[in-house]
Amino acid sequence: MSRLLSRVLTSAQTHRNLTSAAVHRSLRSAASLPASACPGSAVKPLMEPKLYQPPPEVRGMTSLDKEAFTQTIAVPALRVPTGVLNKVMKSLKKSTIQRPGLPRVVQDTEESSDFRLVLLDPHRVSSKSSFSEAEAEALRSFSVAEELQYYELQLTYNNLKSEEVLGAVLPQGQDVTSGFSRVGHIAHMNLRDHQLPYKNLIGQVIMDKTPGITCVVNKTNIIDSTYRNFKMEVLAGEENMVTKVKENGVTYEFDFSRVYWNPRLSTEHQRVVELIKRGDTVLDVFAGVGPFAIPAARSGANVLANDLNPESYRWLQHNCKLNKVESKVRTFNLDGRAFIQGPMKQELPALMKGKANVHVVMNLPALALEFLDAFRGLLHQEPPCDENLPTVYCYSFSKDKNHDADVVERASRSLGFPLENRCSVHFVRNVAPNKDMMCVRFTLPKKVLFSCNDEQTEPSEEPAPKRQKCEETTDST
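Residues numbered from 1 in each chain as written. Predicted model: local features only at pLDDT ≥ 70, side-chain atom pairs only at ≥ 80, totals over all residues. Heavy atoms only, no water.

Some points on the sheet that holds strand E15 (residues 391–398)
Across the sheet, seven strands lie side by side as E13-E12-E11-E14-E15-E17-E16; this open sheet has mixed pairing. Every other strand in the sheet has two partners, leaving strand E13 (329–332) and strand E16 (423–432) as the edge strands with one partner each. Adjacent strand axes in the sheet meet at a mean angle of 15°, parallel and antiparallel pairs treated alike. Pairing analysis gives four bridges linking strand E14 (residues 358–362) to E15, with the strands arranged parallel. (Pairing = 2+ DSSP bridges. Helix = DSSP H or I, 4+ residues; strand = E, 2+ residues; numbered from the N terminus. Axes fitted to C-alpha atoms, helices over the stretch in contact; angles between N-to-C directions.)

Some thoughts on the environment of alanine 374
Among the secondary structure elements, alanine 374 is positioned in the loop between E14 and E15. With a relative accessible area of 1%, alanine 374 lands in the buried category. Counting along the chain gives 40 residues from alanine 374 to serine 414, while the straight-line C-alpha distance between them is 8.9 Å. Other than its neighbours up to four places away in sequence, alanine 374 contacts Arg337, Ile340 and Gln341. (Buried < 20%, exposed > 50% of the residue type's maximum accessible area, 1.4 Å probe, protein only. Contact = heavy atoms within 4.5 Å.)

As for the pairing of strand E9 (residues 242–247)
Residues of E9 alternate between two faces, with Thr243, Val245 and Glu247 buried on one and Val242, Lys244 and Lys246 left unburied on the opposite face. Taken together, the six bridges between E9 and strand E10 (residues 250–255) define a ladder with antiparallel strand orientation. Counted as the bridge partner of valine 242 is aspartate 255 from E10.

Quick notes on the sheet that holds strand E3 (residues 115–119)
Strand pairing in a sheet relies on backbone hydrogen bonds, with the paired strands running either antiparallel or parallel. Read from one edge of the open sheet, four strands run E2-E3-E1-E4, paired in antiparallel fashion. Because the sheet does not close on itself, it has two edges, and the strands there are strand E2 (105–107) and strand E4 (149–155). On average, each strand axis in the sheet is inclined to that of its neighbour by 45°, with strand direction left out of account. Note: E2 against E3, three bridges, orientation antiparallel. Of the residues in E3, the one forming a bridge with valine 105 is valine 118.

A short note on helix H10 (residues 336–353)
The end-to-end C-alpha distance of H10, which contains 18 residues, comes to 24 Å, matching closely the 26 Å that a straight helix rising 1.5 Å per residue would cover. The axis of H10 is deflected most strongly, by about 50°, at methionine 344. The complete set of buried residues in H10 reads Gly336, Arg337, Phe339, Ile340, Gly342, Pro343, Met344, Leu348, Leu351 and Met352. Looking at the buried residues of H10, the elements they touch are strand E11 (281–284), strand E12 (302–306), E13, E14 and helix H12 (446–449). Of the residues that open H10, the one with a side-chain oxygen 2.9 Å from the backbone nitrogen of arginine 337 is aspartate 335. (Expected span 1.5 Å × (residues − 1). Bend = angle between axes of the 7 residues up to and from the residue. Polar contact = N/O pair within 3.5 Å; in protein donor to acceptor, adjacent residues only side chain to side chain.)

Thoughts on the packing of aromatic side chains
Taken as a whole and assessed by the stated rule, the structure comprises six aromatic pairs. Ring centres 5.2 Å apart and planes at 75° place the aromatic pair phenylalanine 286 and phenylalanine 371 in the edge-to-face group. With a gap of 85 residues between them, phenylalanine 286 in the loop between E11 and helix H8 (293–298) and phenylalanine 371 in the loop between E14 and E15 connect regions that are remote in the sequence. Residue class for phenylalanine 286 comes out buried when judged on its relative accessible area of 9%. A relative accessible area of 3% places phenylalanine 371 in the buried class. Ring plane angle 35° and centroid distance 6.1 Å describe the contact between phenylalanine 292 and tyrosine 395, whose orientation is recorded as tilted. (Phe/Tyr/Trp six-rings, centres within 6.5 Å; stacked < 30°, edge-to-face > 60°.)

Okay, here's the thing in structure tokens:
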């Protein structure tokens, strides 16, 4: 033991200028290791708190140089007989090193075929006392010495996580983003101003670190409320915007650069579709490429689906055929108001005489509330009862402190009828700080739907969608 302490103290002299508490702890832990634990003449200190400390020269890099991230580090290891290797690996699965592309088992430093080195996570294991009671018992049962060795391991760009690379490159103290929305093979990002000088590097890193991503794009403007698409630039990879996605068991294909698609709405799509029964009718005013219409048709509903965007209309038809529901979905390429006052007006009288429910979906949260006045006086002859009045699902953004009250008040004003205590409001998702997407659900009132006299309120002017922009600048997907 005295010889061992002497060796440790000698090694410690080479580190006398390092005074941090972490280094002192490392040297004290090393004192418990036998002289034979490490190859070479000195006991290696334990790792720094972070496994990877990026070279300072990569800070501010705008063109990716993968070689610049290479470093050699020392990690703790156990010398394990090959005969019990698999059992030891199972027992130490929480303590072995876990890093992309790195082996957990390497050749023994003494080149013995009877032993292997099991590499350990330096964040979890700093000495033999770091093993849990169960792990220590397992090692004893397999006759594995608990003494730690240190193994020099080369970390390259391929072994790093995206946030580690970006955190090393971007200026200190600024947000590091590795988040994106995945749309098939496309990663869609919303980069902030301070990240734009590094946009191509960020795109390359995201593509390198995400299996299946072959194109990374960044949104360059806010959503156009006419066709619900936005301009984007390709940061890395191929310029192929036609993609295929699967949501709730349904396959969709579309040109992401020319239509609207939001992968964060899958739960909402499923929620509404589950309220629709076989034989019901769905009137989808702003159908997009079909995320409400197609699963509703697959569940046995009859669907009238409309979208003003010619590209959305084309892909809607394509997706109906792709999912073999074209016989259950009638498609239209009209403005939402024209769809309500045209095909919907024609179909409603007969539908309301039947027993099946009628659902009207209006998913254009930037403007949908402004289209509710199209229902005023839409029909002229009242039905004998209220049972089959349509149920409306109208989406909206709200920045008000009381989101529920805000959307109800605006819906009531557009409809010309008070909806308070006559509707329900469902929170869909947070879009940006202090901005939520909501869904107000209500039965279309008879007093709105049927005109009784000439005093019926005239519809307000249709909004000029080409001049309006969706305010969803932080999170367009």
